[in-house]
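Okay, here's what each chain looks like letter by letter:
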Amino acid sequence: METNQPDLHELIQNSVTSSSFQEEGDRQENILRPKLLKDFQGQQRLKDNLAVFVQAARERKESLDHTFLIGPPGLGKTTLASIIANEMEAEIRMTSAPALEKPKDLAGILTNVTEGSIFFIDEIHRLKPALEEMLYIAMEDFEIDWVIGQGPAARTMRIPLPKFTLVGATTKAGSVSSPLSSRFGITCHIEFYNEKELANIIRRSAQIMDVHIEEKAIILLARCSRGTPRIANRLLRRLRDFAAVMGDGIVTTAVVDHGMERLGIDTNGLEMQDRNILRTIIEFYDGGPVGAETLSISVGEAIESLEDFYEPYLIQKGYLKRTPRGRMTTKLAYELLGIPCKRNMDDNQGILF
C-alpha cells in the first residue's frame, strides 16, 4: 500500500538545516564572534554560571542541560550558543523556528544529530504547536514519535535519538509556551551592556579588523551603541569607511562625531526613528497614551520592530513607558526634543508592566 509519509531515510536526506546557517549574511559578524567564554565580554554572572555547568557536564561526560537564552536582538544569543558548543567540544547545528514548517523538517534534524551535539533554534517562540509537541518528547525522553501509514493501517513508531543539548533563543520569552520553557534546565537572561563593556568589545573588534581608533573615540562610540554589541560592531565598520575616505584612516573623535551626524545618531545612541517615535507620540497624541498598533502605523514601522528594537532602549533610557492604556512619553522625551511640556507630567498615570 502506497503512503505519502516520508521514511526515515528521506527525513535524514532532506534535513533543512546545517551548521552553515546564515553563513553568507553574517560572515563579517562571525569573524568578530568570540569562541570561548573567557573572550565573551560582559554578562559576568551569566558567564560564571555557564562555566560551572559546562565543566560539571564535561566531568560527568554528559550532555549539557537544555539551555534557554533570553534577551533583546544583538546581545549575543547566537554567539553564546556557539561558545557553548566550543566549550563542550561538540558539534552544533543551527536553524530558526520560522524555517521549520512541518514535523518532518524537525524530525529530519533530530534524527541526524550526534551524541552530545548542540541543536540551536533561534526565535524559538515562533515554533508551531505541532513542532513544540514533538520537541517535548525529544527533550525529555530523547525519542520522537512518527506516524507510518494512513487510515486504519497507520501506526506510530518511536525513534530513539542520541542525547543532545537544545539551545533555544528568544527575544520574547513571554511568547514561549510554559510546557516548552519549563523543559529547559538552564535559563540565561542577557541584559544590555554598559559603556565599559561595549568599549572592550569595540577595542577587541578594532584589533581583529585592523582598525586604528583613538581611545576617546572608543568611549564615544560605546556611548552611541544602544548597549548592543551588534550595533557597536556595525557602527565601527561604518566609521572605518568614513575614516578611510574622509580622513587618514584613523578613527578619531572628530570622525565619530561626523559619522554619527551623517548616520542620524546622537550621543545617546538614538536614531532618527527613535526621535520620530517620541515626537509622534507628543505631537499627535499629546504625549500618550497610544496603542502599539496605532503608533506603528503612525511612524511607518512594523509592530515587531517597534516592540523588539526601538521600545526596549527608549524605555531603558527613560524616554518612554508602557502603561495599561498604551505608550506614554516622559518628561525626558520633551527635554530631548526641546518641546515645551504643556501638560502635567504625572509619573503615576500608568503602571509599568
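Analysis parameters
Residues numbered from 1 in each chain as written. Predicted model: local features only at pLDDT ≥ 70, side-chain atom pairs only at ≥ 80, totals over all residues. Heavy atoms only, no water. Helix = DSSP H or I, 4+ residues; strand = E, 2+ residues; numbered from the N terminus. Polar contact = N/O pair within 3.5 Å; in protein donor to acceptor, adjacent residues only side chain to side chain. Contact = heavy atoms within 4.5 Å. Phe/Tyr/Trp six-rings, centres within 6.5 Å; stacked < 30°, edge-to-face > 60°. Buried < 20%, exposed > 50% of the residue type's maximum accessible area, 1.4 Å probe, protein only. Lys NZ or Arg CZ within 6 Å of the ring centre and 35° of its normal. pLDDT = per-residue confidence, 0-100. Axes fitted to C-alpha atoms, helices over the stretch in contact; angles between N-to-C directions. Parallel < 35°, antiparallel > 145°, perpendicular 65-115°, else oblique. Left-handed = near helix turned anticlockwise from the far one by under 90°. Nonpolar A, V, L, I, M, F, W, Y, C, P; charged D, E, K, R; others polar. Expected span 1.5 Å × (residues − 1). Pairing = 2+ DSSP bridges. Salt bridge = Lys/Arg side-chain N within 4 Å of Asp/Glu carboxyl O.

Considering the side chain of R327
Move 1: By the element assignment, R327 lies in strand β11 (residues 326–329).
Move 2: Within the local environment of R327, its side chain forms a polar contact with the side chain of E311, the two groups lying 2.7 Å apart.
Move 3: Those residues in contact with R327 that sit more than four places away from it in its chain are I281, G287, G288, P289, V290, A292, E307, E311, L320, K321 and R322.

Notes on the packing of aromatic side chains
Working definition: an aromatic ring pair is given by the centre-to-centre distance plus the angle between the planes.
Move 1: Enumeration according to the criterion identifies 5 aromatic pairs in this entry.
Move 2: Ring centres of F192 and Y313 lie 6.5 Å apart, and the angle between their planes is 65 degrees; this geometry places the pair in the edge-to-face category. In this pair, F192 sits in the loop between β7 (186–189) and α8 (195–209) while Y313 sits in helix α14 (residues 303–316), placing the two residues 121 residues apart along the sequence.
Move 3: On the basis of relative accessible area, F192 is assigned to the partly exposed category, the value being 22%.
Move 4: For Y313, a relative accessible area of 4% puts it in the buried group.
Move 5: Here R183 stacks its cationic end above the ring of Y136, 4.3 Å away from the centre of that ring.

Things to note about the confidence of the model for the protein chain
Move 1: Taken residue by residue, the protein chain gives an average pLDDT of 84. The fraction at 70 or more is 87%.
Move 2: The weakest mean pLDDT in the protein chain belongs to helix α1 (residues 8–13) at 44; the strongest belongs to strand β1 (residues 67–70) at 95.
Move 3: Segment residues 1–6 is flagged for pLDDT under 50; beyond a separation of four residues in sequence, or across chains, it makes 10 contacts in the model.

Remarks on the packing of helix α10 (residues 229–246) against helix α11 (residues 253–263)
Move 1: In contact at an axis separation of 10 Å, α10 and α11 are set at 110 degrees when each is read in the N-to-C sense. Considered as vectors, α10 and α11 are oriented roughly perpendicular to each other. Pair α10 / α11 crosses with right-handed handedness. Each of L235, R238, L239, F242, A243 and M246 in α10 lies in contact with α11, whose residues at this interface are V255, V256, H258, G259, M260, R262 and L263.
Move 2: Split into classes, the residues belonging to the contact of α10 with α11 amount to 9 nonpolar, 2 polar and 2 charged.

Digging into α8
Move 1: The end-to-end C-alpha distance of α8 is 20 Å, a good match for the 21 Å that 15 residues give at a rise of 1.5 Å each.
Move 2: Listed in full, the buried residues belonging to α8 are E197, L198, A199, I201, I202, S205, A206 and M209.
Move 3: For α8, the side-chain oxygen to backbone nitrogen distance between the N-cap and K196 is 3.1 Å, and the N-cap itself is N194.
Move 4: Trailing α8 by a residue or two, D210 shows a phi angle of about 60 degrees, which is positive.

Some words on the sheet that holds strand β6 (residues 165–170)
Move 1: If you trace the 5 strands from one edge of the open sheet to the other, you get β2-β3-β6-β1-β7, paired in parallel fashion. Single-partner strands in this sheet number two, and they are β2 (92–96) and β7. Across the sheet, the mean angle from the axis of one strand to that of its neighbour is 15 degrees, orientation sign disregarded.
Move 2: Of the pairings in the sheet, the one linking β2 to strand β3 (residues 118–122) comprises 5 bridges and is parallel in character. Note that in β3 the partner of S96 across the bridge is D122.

A look at helix α9 (residues 215–223)
Move 1: Within the sequence span of α9, burial applies to A217, I218, L220, L221 and A222.
Move 2: For α9, the elements touching its buried residues are α8, β8 (212–213), α10, β9 (250–251) and α11.

Topic: the pattern of salt bridges
Move 1: This model, assessed by the stated rule, comprises 15 salt bridges.
Move 2: Two residues, R183 and E140, come together in a salt bridge whose shortest N-O distance is 3.5 Å. Remark: E140 occurs in helix α6 (residues 129–141) and R183 occurs in the loop between α7 (178–181) and β7; sequence separation between them is 43 residues.
Move 3: The shortest N-O distance in the salt bridge between E215 and R203 comes to 2.5 Å. One end of the pair, E215, is in helix α9; the other, R203, is in helix α8, and 12 residues separate them in sequence.
Move 4: With relative accessibility at 44%, the residue E215 sits in the partly exposed group.

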